[in-house]
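Now for the letters of each chain:
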Amino acid sequence: MRIALLSDVHANLVALEAVLADMPAVEGLWILGDTVGYGPDPSDVLALLRQRGALLVAGNHDHAVGTGHGLEAFNPVAAKAARMHRAWLTGEERDLLASLPTLRCPDGVTLVHGSLRDPLWEYVWDVRTAHASLALAETELSCNGHTHVPAVFTLDGGRTTSTLGRGLVRLHRRVLVNPGSVGQPRDRDPRAAWAVLDTEARTVEFMRTAYDVAETQRRLRTRGLPGFLADRLASGT
Ligand code: ZN
């Protein structure tokens, strides 16, 4: 199966629309959490993903916006945006976010936002943390997000190594694939990051899609979100 992997859309509708327009034919759309938080269009992003039949797991921002819990763990900018999203969304939309599972296993692939050890909150930045997740995985393929940086971690022969999330990567043994962030990339490339996973060929192709960053910045300012959230989109940090 060919699956589009998207994560950390963060209510950036302009980026999501550009990615969907750029996407080849796929048999599934898997969203690895943080669909809301930070960005200007939480409701429209949720509606578009539901309309496209996307499969979602919960991220820490989805959980905070949906339930109102965990806001104290956020920095002030993230907490302010989460509170604003909570106020903008309908009760039905908040309930949907609150009811998202933190882990799913469609077609023998494990999906989480953070890590297998702590699906909502743990960042997998290095091989040591990745190793702990890969050791827990009940499937050969796992996918996560949360860091906003594309990467592949591989556990083979008791040792975990990392590969940059660029171009086409062949997947061997036990792997953790992070497609990066659609709505707020943090690897100094402002283009939306996402990936196409082929579960039969066992490959992942990392994709980048340019979008109208200035339009998202305009919407962020119009809606009164903190200016820092607009500034960082231009530099991809
Ligand atoms: Zn995020």
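Report follows, based on the coordinates. Each chain carries its own residue numbering, running from 1 in the direction its sequence is written. Only residues with pLDDT of 70 or above have their local features reported here, since the model is predicted, and side-chain atom pairs are shown and tallied only from 80 upward, although totals for entire chains, interfaces and linings are computed over all residues. Hydrogens and waters are ignored; side-chain quantities use all the structure's heavy atoms.

1. Examining the pattern of salt bridges
For this analysis, a salt bridge means a side-chain nitrogen from Lys or Arg found within 4 Å of a carboxyl oxygen belonging to Asp or Glu. This model, assessed by the stated rule, comprises 12 salt bridges. The partner of Arg 50 in a salt bridge is Glu 92, with the nearest N and O atoms 2.9 Å apart. Taken as a pair, Arg 50 in helix H2 (residues 42-51) and Glu 92 in helix H5 (residues 91-98) lie far apart in primary sequence, 42 residues in all. Notably, a salt bridge pairs Arg 208 with Asp 189, separated by 3.7 Å at the nearest N-O pair. With Arg 208 in strand S11 (residues 203-209) and Asp 189 in the loop between strand S9 (174-178) and strand S10 (192-198), this pair connects stretches of sequence that are 19 residues apart. A simple rule labels every residue: compare its accessible area, found with a 1.4 Å probe on the protein chains alone, to the largest value its type can have, and call it buried under 20%, exposed over 50%, or partly exposed in between. Assessed through its relative accessible area of 17%, Asp 189 is described here as buried. What you see here is one network of salt bridges that share partners, running through Asp 41, Glu 215, Arg 218, Arg 219 and Arg 223. By definition, any uninterrupted DSSP run of H or I lasting at least four residues is a helix, any uninterrupted run of E lasting at least two residues is a strand, and each is numbered from the N terminus.

2. Observations regarding the sheet that holds strand S3 (residues 55-56)
At least two bridges found by DSSP between two strands is the condition for calling them paired. Pairing is mixed in the open sheet, where six strands are placed in the order S3-S2-S1-S10-S11-S8. A single partner strand is all that each edge strand has here, and the edge strands are S3 and strand S8 (168-170).

3. Here we look at the sheet that holds strand S5 (residues 141-143)
Strand order in the open sheet made by the five strands is S4-S5-S9-S6-S7, with mixed pairing throughout. Both outer strands of the open sheet, strand S4 (109-111) and strand S7 (159-164), are each paired with one neighbouring strand and no more. Averaged over all pairs of adjacent strands, the angle between their axes in this sheet comes to 20 degrees, without regard to strand direction. Pairing analysis gives five bridges linking strand S6 (residues 151-156) to S9, with the strands arranged antiparallel. Bridge assignment links Val 152 to a residue of S9, and that residue is Val 177. Its contacts with the sheet put helix H6 (residues 127-136) on S6, S7 and S9, and the angle it makes with S6 is roughly 60 degrees. Angular values range over 0 to 180 degrees, each being the angle between N-to-C directions of two axes fitted as lines to C-alpha atoms, with helices fitted over their stretch in contact. When checking whether two residues touch, look at their non-hydrogen atoms; a contact exists if any pair is within 4.5 Å.

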